[in-house]
Amino acid sequence: MTGNAMTPSGSSSRQRKVIFCDFDGTITENDNIVAIIKHFNPPGWESIVGDIVTQHKTVKQGVGELFRLLSTSHREKVIAYAISNARIRGGFTELLDYCKQHDIEFLVTSGGIDFFVYPLLAPYDIPLDHIYCNGSDFSGDRIEITWPNPCDDQCSNGCGMCKTAIIRRYPAEQYERILIGDSVTDFAGAKLVDLVFSRSHLTEKCKELGLPYKEYKTFHDVLTVLIERDQGEDANL
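Keep in mind the model is a prediction, meaning the values are calculated, not measured.

Observations concerning the overall build of the protein chain
The helix and strand inventory of the protein chain stands at 11 helices and 7 strands. Expected size for 237 residues packed as a compact globule is a radius of gyration near 18 Å; at 18 Å, the protein chain falls within 12% of this value. Taken over the C-alpha atoms alone, the protein chain extends approximately 60 × 35 × 30 Å along its principal axes. Put simply, the protein chain has 237 residues, and 51% of those count as buried. Long-range contacts, defined here as pairs at least 24 residues apart, represent 63% of the contacts in the protein chain between residues at least 6 apart. Carbon and sulfur atoms make up 48% of the accessible area of the protein chain, which amounts to about 11,200 Å² in all. Each charge sign in the protein chain was given a centre, from 24 positive and 33 negative side chains, and these centres are 3 Å apart.

Following this line, the structure appears as structure tokens:
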């Protein structure tokens with residue numbers, strides 16, 4: 001595991017830890033939205049994905065456009081493919097167990113969609129009010145994405161599911177805030193937290209902005225760092 005050495009700013013052994021964990025490409029090994037769209041291959045999807053990654057379109061705009069390319073007549077096929085294609089990243093169960101044992105609040109903050117996020121997380125006993133994601137509407141001719149977690153008055157990024165709004169509910173004075181992610185939906189949140197675990201596009205953004213980070217391949221890597229830091233805090237008491 002590589003990355004910049006870091007000492008989280010403002011952290012304290014008395015602060016409760018809270019983890020904000022992305023879903024697509026983080027909890028899962030692949031990006032489920034891209035995988036779904038790529039599999040059904042509607043015309044024009046490549047340019048939309050490119051515009052999201054390069055931030056020429058907001059996540060809300062781009063994801064909404066992607067799913068409007070799909071007919072609701074394919075509902076069951078879309079849902080079945082999304083669930084069967086996803087693979088959970090190694091070490092996820094162990095990380096959740098550690099969080100429960102050490103009173104670390106674990107939130108799933110996902111730009112993913114409810115029809116695959118909830119079924120895939122169901123075996124892991126995460127409270128529903130700790131899972132934030134986008135919704136879906138199959139009532140029309142085309143799949144529409146709904147946005148139950150919009151930006152607050154401090155964000156104008158068109159996030160769809162606004163991760164920074166969730167992060168701000170946990171004040172830095174009271175919590176050590178930890179983000180685990182991989183891509184464009186995690187860029188803004190990475191600027192707010194004390195500790196970033198990154199891979200893929202998020203690592204490049206951390207380098208670009210000079211943010212401290214640790215790279216991970218599996219959640220075992222994340223867990224190793226958390227244990228080392230907790231042991232260090234205990235030694236300093």
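After presenting the structure, the write-up continues.
A closer look at unusual backbone geometry
Positioned with a positive phi, Asp103 is a non-glycine residue whose angle comes to about 55°. On the secondary structure map, Asp103 appears in the loop between α6 (92-101) and β2 (105-113). Positive phi is not limited to glycine here, since Asp125 has a value of about 55°. As for its position among the elements, Asp125 is in the loop between α7 (114-121) and β3 (131-137). The exposure class assigned to Asp125 is exposed, which follows from its relative accessible area of 60%.

Remarks on the side chain of Gln15
Tracing the sequence through the fold places Gln15 in the segment before β1 (16-21). Residue Gln15 is classed as buried on the basis of its relative accessible area of 9%. A polar atom in the side chain of Gln15 sits 3.4 Å from the backbone oxygen of Tyr175.

Conventions used here
Residues numbered from 1 in each chain as written. Predicted model: local features only at pLDDT ≥ 70, side-chain atom pairs only at ≥ 80, totals over all residues. Heavy atoms only, no water. Helix = DSSP H or I, 4+ residues; strand = E, 2+ residues; numbered from the N terminus. Rg over C-alpha atoms; globule rule 2.2 N^0.38 Å. Buried < 20%, exposed > 50% of the residue type's maximum accessible area, 1.4 Å probe, protein only. Contact = heavy atoms within 4.5 Å. Areas by Shrake-Rupley, 256 points an atom, 1.4 Å probe, with all protein chains shown as cover. Lys, Arg positive; Asp, Glu negative; His and termini not counted. Charge placed at Lys NZ, Arg CZ, Asp CG, Glu CD. Polar contact = N/O pair within 3.5 Å; in protein donor to acceptor, adjacent residues only side chain to side chain.

Shape is all these values report; function is a separate question.
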